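# Architecture and fold: a report
Next come the chains, spelled out residue by residue.
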Amino acid sequence: MADNSSDFHAGRTGLVVKVPEVEATVRAWRERLDPSARAGVPAHVTVLFPFLEAGRIDVRVRAAIAEVLEKHRAFDVRFARCGRFPEVQYLVPEPDTPLRQLTRAIGDRWPEAPPFGGRFADVIPHLTDAQGQEADVLDRIEAELLAGLPRTSHVSSVELMVHDGVRWHERASFALRE
């Protein structure tokens, strides 16, 4: 979800699409080189992080999240290649348009919670597998991961994750329209 563990504190929340189909492929690298994995977040593509503080997420907010997300159809996404940001390697979801639409819809409904705190003009959907490494290490990881790809995932829900001060936990799941 976040670029580093300093973004994790009790009450922090995020909305993610879990991708269990790639978990086995990326698990070893994520557990070593992705702080969110070590803090309990499964393989995922972030929809919106950070979201509202946990104390603000009541029955009305959950209903509003469900209302926003149920307007979007479930979809398949394929992971066949890797991409990079500075010191971050990720699996590229294709197509990424449905993921971008989910981010835009949640961000439009809660403009006080812009994706990644508004740090990026364009939010690029991605599944982080490693970060904080030199290019040669990322090259080696990429070669290993590509041997386990492609993988396809059916996205039918978005999960609300909440940090308790130590680990992330799934608090709710919101269905997309089938």
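Rules used throughout
- Residues numbered from 1 in each chain as written.
- Predicted model: local features only at pLDDT ≥ 70, side-chain atom pairs only at ≥ 80, totals over all residues.
- Heavy atoms only, no water.
- Core = buried A, V, L, I, M, F, W, Y, C linked by side-chain atoms within 4.5 Å.
- Buried < 20%, exposed > 50% of the residue type's maximum accessible area, 1.4 Å probe, protein only.
- Helix = DSSP H or I, 4+ residues; strand = E, 2+ residues; numbered from the N terminus.
- Contact = heavy atoms within 4.5 Å.
- Salt bridge = Lys/Arg side-chain N within 4 Å of Asp/Glu carboxyl O.

### Here's the deal with the nonpolar core
By size, the foremost hydrophobic cluster in this structure holds 46 residues, and its most contacted members are Phe-51, Phe-79, Leu-91, Ile-106, Trp-110 and Leu-127. With five residues, helix H3 (residues 59–69) is the single largest residue contributor to this core. Among residues more than four places away in sequence, those in contact with Leu-127 are Val-19, Val-22, Val-26, Arg-30, Ala-43, His-44, Val-45, Phe-79, Gln-89, Tyr-90 and Leu-91.

### A closer look at the pattern of salt bridges
Evaluation of the coordinates by the stated rule reveals eleven salt bridges. Between Glu-112 and Arg-56 there is a salt bridge, and its shortest N-O distance comes to 3.1 Å. Residue Glu-112 is found in the loop between helix H4 (97–109) and strand E5 (127–131), and its partner Arg-56 is found in the loop between strand E2 (44–48) and H3; the two are separated by 56 residues along the sequence. By relative accessible area, which is 45% here, Glu-112 ends up partly exposed. Here Glu-142 and Arg-84 are joined by a salt bridge, their closest N and O atoms 3.1 Å apart. Remark: Arg-84 occurs in strand E3 (residues 75–85) and Glu-142 occurs in helix H5 (residues 135–147); sequence separation between them is 58 residues. Judged by relative accessible area, Glu-142 falls into the partly exposed class, the value being 22%. Taken together, the salt bridges that share partners define one network made up of Glu-23, Arg-30 and Asp-34.

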